[in-house]
Amino acid sequence: MNTLVIDTSFGSTVGITGHEPICEQDSRTHVEKLQHDIAQVCAEAKIQPHDIERIVVGVGPAPFTGLRAGIVAAKAIAYATGAQLLGQDSLSGQATMMQAAYNGDPNLLNTAIFSNWNAPANAGTALQLTLSVNDARRKQLYYTLLANTNADTKDERILLDMNIDTPSNIAAKVSAAVATIQQRHPDQPIAVDVVGHGASKYEQIWSQQPWHGITLDHSLLDTGAWGVETFAALAGHDADADANPRPIEPLYLRRPDVSVPNPLKHVLNHEGAHRNEANA
C-alpha cells in the first residue's frame, strides 16, 4: 500500500513507506518546505499523488502552529485523492523504537542513530520503561511513560498519560510511578530511558534519578525508512482503522494563551454605553 507519512510535531518528516523520508529540523522554515518535500518523496518513490492510498499524519502532542500545518496538509491531500487518513501520536513510537533496540532488530540497528548501539548491562534483567518526550518550549516537555510497546501488536501499558510539564515535575511523577511498580515487584530492577526531542536539554535532571537509564535525543521518525514504516504500522494496526477510522484530533495539551477579556471598567461619572442607550 502506498502510504504517505506526514509529521510536523518537531520540524517535519515526510516520507512514503519503503523509502527514505525527508526531515526538516529547522522549525522556522519546515512549514514552507512541506509542499515541496511531499512532491519530492512522491517523485523519489515514483508515484503520483493519486497513487497514494493511505495518509498517516502525526497528531502531536506538539506546539500549535507547526502541528496544524501538517494536519491541514494531510487533510487536503486526503480530500483531493480519496486516500484514507489516519492519525498517530508522536510519543508512542519512541517506546516501540526502544523495544526494537533491546530486541536487537537488525533493521533498526542498521540505521545511523543506532549503528553504535550497545544495550545497558542490566538490559536483560531490568524492566525497561520509556519516558517519551517532545520539546514543548518554554522549559517544558510533552511526555508519556510507557512500557512493553510493540509495533506489531500495539500492546502497551500506559503508566503516565500524555501531558505537558516542566522536567523537574515530570521526574517527580516518574519517580512516583516507579515506586508504585517496585511496591508490587520489590526485587525487580527498573530502568527508565528518556527518549525524544528535547530529552538531552535536561540531562542534569534525569541523571540525578535512580531510575535513569539512557537519554536519547531522537524520535522514531529520525530512524529513516524503518521509522516511517513503523510509524505507519502503529497507526494502521487498530482493527477498526479501515472500517471506522478515528477523527483526526490534534494534541495540543497546552492551555491556550488567549482568554476572554474582562469587561471594560467604567470611567468616572460614566454609567456605560448600555445605560445611555436605555435612557435614550
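Residues numbered from 1 in each chain as written. Predicted model: local features only at pLDDT ≥ 70, side-chain atom pairs only at ≥ 80, totals over all residues. Heavy atoms only, no water.

Chemist: It is not clear to me how the overall build of the chain should be interpreted in this structure. Could you clarify?
Modeler: The helix and strand tally for the chain stands at eight helices and ten strands. Expressed as a percentage of its 280 residues, the buried residues of the chain come to 46%. When contacts within the chain are restricted to residue pairs at least 6 apart in sequence, long-range pairs at least 24 apart make up 64% of them. Of the roughly 14800 Å² of accessible surface on the chain, 50% is carried by carbon and sulfur atoms. (Helix = DSSP H or I, 4+ residues; strand = E, 2+ residues; numbered from the N terminus. Buried < 20%, exposed > 50% of the residue type's maximum accessible area, 1.4 Å probe, protein only. Contact = heavy atoms within 4.5 Å. Areas by Shrake-Rupley, 256 points an atom, 1.4 Å probe, with all protein chains shown as cover.)

Chemist: How should I be thinking about the nonpolar core in this particular structure?
Modeler: Side chains of nonpolar character tend, in soluble globular proteins, to be buried together. Among the nonpolar cores identified, the biggest contains 25 residues, and Leu4, Ile52 and Ile55 are the most heavily contacted of them. Taken together, the elements giving at least two residues each to this core come down to strand E1 (3-7), strand E2 (12-16), helix H1 (30-44), strand E4 (54-58) and helix H2 (64-81). Broken down by element, the residue count for this core peaks at six residues, all from H2. Sequence-distant contacts of leucine 4, that is, excluding residues within four places in its chain, are made with Val14, Gly15, Ile16, Ile38, Val41, Ile52, Arg54, Ile55, Val56 and Ile77. The next biggest cluster of nonpolar side chains, apart from the first, holds 22 residues, and it includes Leu129, Ile170, Ala177 and Trp211. (Core = buried A, V, L, I, M, F, W, Y, C linked by side-chain atoms within 4.5 Å.)

Chemist: Please explain the packing of aromatic side chains as it appears in this structure.
Modeler: The geometry of an aromatic ring pair is captured by two quantities: the separation of the ring centres and the angle between the planes. Using the criterion set out here, one finds three aromatic pairs in the structure. Here tyrosine 102 and tryptophan 117 contribute two aromatic rings whose centre-to-centre distance is 5.3 Å and whose plane-to-plane angle is 80 degrees, an arrangement assigned as edge-to-face. Within this pair, whereas tyrosine 102 is found in helix H3 (residues 92-102), its partner tryptophan 117 is found in the loop between helix H4 (106-109) and strand E6 (127-137), the two being separated by 15 residues in sequence. Of the residues examined, tyrosine 102 reaches a relative accessible area of 21% and is grouped as partly exposed. Taking relative accessible area as the criterion, tryptophan 117 reaches 19% and is therefore assigned buried. Taken together, Tyr102, Phe114 and Trp117 form an aromatic cluster joined through their ring pairs. (Phe/Tyr/Trp six-rings, centres within 6.5 Å; stacked < 30°, edge-to-face > 60°.)

Chemist: Would you explain the side chain of aspartate 193 in this entry?
Modeler: Relative to the helices and strands, aspartate 193 is located in strand E9 (residues 190-195). Here aspartate 193 occupies a buried position and makes no salt bridge, while the nearest side chain of opposite charge, arginine 157, is found at 14 Å. At 2.6 Å, the side chain of aspartate 193 and the side chain of tyrosine 102 are in polar contact. Among all residues touching aspartate 193, those that are not within four sequence positions of it are Met98, Tyr102, Gln128, Leu129, Thr130, Leu131, Gly213 and Ile214. (Lys, Arg positive; Asp, Glu negative; His and termini not counted. Salt bridge = Lys/Arg side-chain N within 4 Å of Asp/Glu carboxyl O. Polar contact = N/O pair within 3.5 Å; in protein donor to acceptor, adjacent residues only side chain to side chain.)

Chemist: Help me understand the pairing of strand E7 (residues 140-147) in this model?
Modeler: Summarising burial for E7: seven of the eight residues are buried, a large majority. From the end of E6 to the start of E7, which pair antiparallel, there are two residues, and arginine 138 there has a positive phi angle of about 55 degrees. Pairing between E7 and strand E8 (residues 157-165): six bridges, direction antiparallel. Bridge pairing in E8 places alanine 147 opposite arginine 157. (Pairing = 2+ DSSP bridges.)

Chemist: I would appreciate a short explanation of the environment of arginine 54 in the present structure.
Modeler: When you line up the elements, arginine 54 lands in strand E4. Put simply, arginine 54 and threonine 3 are 51 residues apart on the chain and 4.7 Å apart in space, counted from C-alpha to C-alpha.

Chemist: What's the story with the confidence of the model for the chain in this structure? I'm lost.
Modeler: The predicted structure's coordinates, where accompanied by low pLDDT, should not be read in detail. Overall, the predicted model of the chain reaches an average pLDDT of 88, with 84% of residues at or above 70. Per-element averaging of pLDDT across the chain places helix H8 (residues 273-279) at the bottom with 51 and helix H6 (residues 203-207) at the top with 98. (pLDDT = per-residue confidence, 0-100.)

Chemist: I tried to follow H3 on my own but got confused; where do I start?
Modeler: Note on helix geometry: an α-helix contains 3.6 residues per turn, so any two residues three or four positions apart are oriented the same way. Burial analysis of H3 places nine of its eleven residues in the buried class, the great majority of the element. Listed as buried for H3 are Ser92, Gly93, Gln94, Ala95, Thr96, Met97, Met98, Ala100 and Ala101. Among the residues trailing H3, glycine 104 stands out with phi positive, at a value near 75 degrees.

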